[in-house]
Amino acid sequence: MGINAPRSKKLLIALLVAVLAAAGIFLILTQKEYSLDFMAMDTYDSVKVSGLEAKAAAEKAREITENLDVNVLSRHSEKSLIYALNRDGKAKIPTEYSQYFNTMTGAFYESGGAFDFTLGKISDLWGIGTDNERVPEEDEIKAALDKAGADKAVFDGGTFTVPEGLSVDMGAAGKGIALDEIRKAYGSMLVRRAVVSLGGSILLYGKGDFTVGIQTPGGSGYMAVLNLKQCCVSTSGSYERYFEKDGVRYHHILDPETGYPADSGLVSVTVVSDSGTLSDILSTACFVLGLENGKALCEKFGCEAVFIDIENTVHVTDGIKDKLEITDDTYRIEESR
Ligand code: AMP
Ligand code: MG
């Protein structure tokens, strides 16, 4: 018995190794990949997931996005919280979402009002991306601007209150909020890697490296790539939604000071952040602010950004300079001054 003990121990170890190896092979063989395309939040969305729960995770992303759109964020869906807020001037915000409303309020003040989530009435006047696109009269814009302003909205951590006639519009933050909710859900699912793309906002989830293309403004394909670890990336561009009238292009990102499309010398801003909400908010805010003030805003929030100006010059914040590769030589990178 005593003489056999080491031998049986060896056998046990060998058995254990075999079981672990089999389990490893089983895990590798059962890793799945799943892709899903859908429409929600007024844009094309796509999900690519790998992992044991790939299919469930892709479907979860769609479910979260659609639910947030229809029941929470859309100002056009009669079932939504924001619809009720705009109609009644008051709405209770469920605790799980209060952080997002705090972030939005903070970003309004930090951006000096460039990110303003109360421009719904002005967006409606322009109707960009709808059948009612038109250049509004100046007095219409002025009247709508008088009613707007996130400083008039009060969020006490539980209840959101807005004055009559003010229209909250989550268009510049909603996709980022959805990405943050999806990432939270993936934390308790068997997801190895995922790329979730909601319009111009993307979640990169999982270990290892990811490559993300920056869309060619006004063209097809990509003009540069960013090599990143897991994070969120949002792009705001004047080429995304616009109409032309009498040779003038009117796009969907509004300058809250004037009520007209922002004219800051940029055509696209891409922001990289750990937070989807912040990347989405800041890409819009930076587009309005322009290069210098936009860079300063990103620094305040610890985010990185790529700015493309109307002359095809690319400007990058220091933290991601070495992660950007220009792939289209009609664009040139601005050398540090
Ligand atoms: P994004 O594509 O994320 O830059 O968001 C643009 C959308 O946000 C627009 O379609 C409007 O619904 C809304 N929006 C436009 N201008 C602003 C702004 N300055 N601040 C906040 N939301 C805006
Ligand atoms: Mg945005």
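Conventions we followed
Residues numbered from 1 in each chain as written. Chains lettered and ligands numbered in written order. Predicted model: local features only at pLDDT ≥ 70, side-chain atom pairs only at ≥ 80, totals over all residues. Heavy atoms only, no water. Axes fitted to C-alpha atoms, helices over the stretch in contact; angles between N-to-C directions. Helix = DSSP H or I, 4+ residues; strand = E, 2+ residues; numbered from the N terminus. Parallel < 35°, antiparallel > 145°, perpendicular 65-115°, else oblique. Left-handed = near helix turned anticlockwise from the far one by under 90°. Contact = heavy atoms within 4.5 Å. Nonpolar A, V, L, I, M, F, W, Y, C, P; charged D, E, K, R; others polar. Near = heavy atom within 4 Å. Polar contact = N/O pair within 3.5 Å; in protein donor to acceptor, adjacent residues only side chain to side chain. Areas by Shrake-Rupley, 256 points an atom, 1.4 Å probe, with all protein chains shown as cover. Salt bridge = Lys/Arg side-chain N within 4 Å of Asp/Glu carboxyl O. Buried < 20%, exposed > 50% of the residue type's maximum accessible area, 1.4 Å probe, protein only. Donors = N, O, S within 2.8 Å, 3.2 Å for Na, K, Ca; no water. Pairing = 2+ DSSP bridges.

Here the focus is the packing of helix 7 (residues 174–186) against helix 8 (residues 276–289). Running from amino to carboxyl end, helix 7 crosses helix 8 at an angle of 165°, the nearest separation of the two axes being 7 Å. With respect to their mutual orientation, helix 7 and helix 8 come out roughly antiparallel. You can see that helix 7 and helix 8 cross each other, and the crossing is right-handed. Of the residues in helix 8, those touching helix 7 at Gly174, Lys175, Gly176, Ile177, Asp180 and Arg183 are Gly276, Thr277 and Asp280. Of the residues contributing to the contact of helix 7 with helix 8, the split by class is one nonpolar, four polar and four charged.

Glancing now at the site of ligand 1. Surrounding ligand 1, one finds 17 residues, the nearest of these being Ala114, Asp169, Ser236, Leu254 and Thr284. Between ligand 1 and Asp116 there is a distance of 3.0 Å, counted from a nitrogen atom to a backbone nitrogen or oxygen. Within the contact set of ligand 1, an oxygen atom lies 2.6 Å away from a side-chain nitrogen or oxygen of Ser236. Taken by itself ligand 1 offers 500 Å² of open surface, and the protein chains cover 91% of this.

Enumeration according to the criterion identifies 16 salt bridges in this entry. A salt bridge links Lys55 to Glu59; the nearest nitrogen and oxygen atoms lie 3.6 Å apart. In this pair, Lys55 and Glu59 both sit in helix 2 (residues 54–73), four residues apart, roughly one turn of the helix. Assessed through its relative accessible area of 46%, Lys55 is described here as partly exposed. Owing to a relative accessible area of 30%, Glu59 belongs among the partly exposed residues under this scheme. Residue Asp124 is joined to Arg75 by a salt bridge in which the shortest nitrogen-to-oxygen separation is 2.9 Å. Note that Asp124 is positioned in helix 5 (residues 120–126) and Arg75 in the loop between helix 2 and helix 3 (81–88), a separation of 49 residues in sequence. Taken together, the salt bridges that share partners define one network made up of Arg75, Asp124 and Asp169.

This next bit is on the coordination of the magnesium ion (ligand 2). Here the magnesium ion (ligand 2) is held by the protein donor atoms Ala172 (O), Asp280 (O), Asp280 (OD) and Thr284 (OG1), which lie 2.0 to 2.6 Å from it. When the donor residues of the magnesium ion (ligand 2) are listed from N- to C-terminus, their spacing reads A-x107-D-x3-T. Of this pair, Ala172 sits in the loop between strand 5 (159–161) and helix 7 while Thr284 sits in helix 8, and the two are 112 residues apart along the sequence. Thr284 carries the same exposure label as Ala172, and that label is buried.

Ordered by their spatial adjacency, nine strands build an open sheet running 1-2-6-7-10-13-14-15-17, and the pairing between neighbours is mixed. Two strands close off the open sheet at either side, each with one partner strand: strand 1 (32–40) and strand 17 (332–333). Taken together, the six bridges between strand 6 (residues 193–198) and strand 7 (residues 201–206) define a ladder with antiparallel strand orientation. Looking at strand 7, one finds that Val196 is bridged to Leu203. Set on the sheet, helix 2 makes contact with strand 1, strand 2 (43–51) and strand 6; between it and strand 1 the angle comes to about 15°.

On to the pairing of strand 15 (residues 313–316), then. One face of the sheet, then the other: side chains in a regular strand alternate in exactly this way. Burial along strand 15 is two-sided: Thr313 and His315 and Val314 and Val316, pointing in opposite directions, are all buried. Relative to strand 15, strand 14 (residues 304–309) runs antiparallel, the two being bridged by three bridges. What sits directly across from Val306, in strand 15, is Val316. Where strand 14 folds back on strand 15, the antiparallel hairpin that results is connected by three residues, among which Asn312 adopts a positive phi of roughly 65°. Summarising the sheet, strand 15 and strand 17 pair through two bridges and their orientation is parallel. Bridge assignment links Thr313 to a residue of strand 17, and that residue is Arg332.

The sheet built from three strands is open, its strands ordered 3-5-4 with antiparallel pairing. Looking at the sheet topology across the chains shown, the edges are occupied by strand 3 (90–92) and strand 4 (154–155). Examined bridge by bridge, strand 3 and strand 5 share three bridges and lie antiparallel to one another. Counted as the bridge partner of Lys92 is Thr159 from strand 5. Sheet strands touched by helix 3: strand 3 and strand 5. Its angle to strand 3, the strand with the most contacts, is close to 145°.

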